[in-house]
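Chains, contacts and geometry: an overview
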Amino acid sequence: MACKRGALIVLEGVDRAGKTTQCTKLVESFREAGRAAHLMRFPDRTTTIGKLISSYLENKSDLEDHTVHLLFSANRWELVPLMKKKLEEGTTLIIDRYAFSGVAFTSAKPDFSIEWCKGPDVGLPKPDLVLYLQLSPDAAAQRGEFGTERYETSSFQQRVEGRFEQLMDENSVNWQVIDASQSIDEVHDNIKRLSLSALTAAEHRPIAELWR
Ligand code: NYM
């Protein structure tokens, strides 16, 4: 590789753990430190596939469970050329949810195995770091009511949390667990430190493939 590549950093966690706030702060702090950084989120609701997903999440349409799983994955694959271009140009990508949410949410439904759910995402660009913002269901509840989107119930979120925990048992992915009950600034400081060291480690390594 001629120049240093950017790092692929993913934030995951149950709803209301603070992922979106922390992604925005992390991009700002990278830029302030003079490092190119770009924020992405999945689902990306702006594409044609993303609009189908958004309508499903807003309960405006119904989709068969396998079908919507494949659409979430397709929504990541359609952004892969852009992701690779940015990484190779030296831009660090900070991503709000990725394939781990895909697997955790679908496999929280009845009759879906983790193995089947991973299939369509095998080979995606592998994150250099996955930060899991951990927050107990009680602490999450104190942050306000759930919204009205699909999956936003405490019983479903608890099953999702269990699936994330199963995914974190695998050591092929660089998971780091962050206590999301701390203040916004404390969480940010932890995340920033881990992200900067992931960037240094990634700079001269080729982009790997997820779950392969
Ligand atoms: N979600 C997200 C999935 O079910 N599968 C996926 O692959 C991804 C990326 O969509 N409840 C779920 C998790 C969330 C919802 O919400 C997206 P938000 O607020 O846009 O992150």
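All figures in this text were calculated on a predicted structure; none of them were measured in a lab.

What counts, and at which threshold
Residues numbered from 1 in each chain as written. Predicted model: local features only at pLDDT ≥ 70, side-chain atom pairs only at ≥ 80, totals over all residues. Heavy atoms only, no water. Near = heavy atom within 4 Å. Polar contact = N/O pair within 3.5 Å; in protein donor to acceptor, adjacent residues only side chain to side chain. Areas by Shrake-Rupley, 256 points an atom, 1.4 Å probe, with all protein chains shown as cover. 1 Å grid on protein atoms, 1.4 Å probe; cavity = no way out; pocket = protein on both sides within 12 Å on 5 of 7 lines; lining within 4 Å. Sits in = over half its atoms within 2 Å of the grid points. Helix = DSSP H or I, 4+ residues; strand = E, 2+ residues; numbered from the N terminus. Nonpolar A, V, L, I, M, F, W, Y, C, P; charged D, E, K, R; others polar. Buried < 20%, exposed > 50% of the residue type's maximum accessible area, 1.4 Å probe, protein only. Contact = heavy atoms within 4.5 Å.

1. Details of the site of the ligand
With respect to spatial proximity, 13 residues lie near the ligand, and among them R45, F72, R76, R97 and G102 are the closest. The separation between an oxygen atom of the ligand and a polar side-chain atom of R41 is 3.4 Å. Look at the ligand: alone it shows 490 Å² of surface, and the protein chains cover 92% of it. When each cavity is represented as a set of grid points, the ligand is found to reside in the largest pocket. Breaking the shell around the ligand down by element, the ones donating at least two residues are α3 (65-77) and α5 (99-107). It is α5 that provides the largest number of residues to the shell around the ligand, a total of three residues. Looking at the shell around the ligand residue by residue, the class counts come to six nonpolar, two polar and five charged.

2. Quick look at the side chain of R5
Following the sequence through the fold, R5 ends up in the segment before β1 (8-13). Judged by relative accessible area, which is 2%, R5 ranks as buried. Of the polar contacts made by the side chain of R5, one reaches the backbone oxygen of R205; its length is 2.5 Å. With sequence-adjacent residues up to four places away left out, R5 is seen in contact with L87, G90, D128, L199, A202, E203, R205, P206 and I207.

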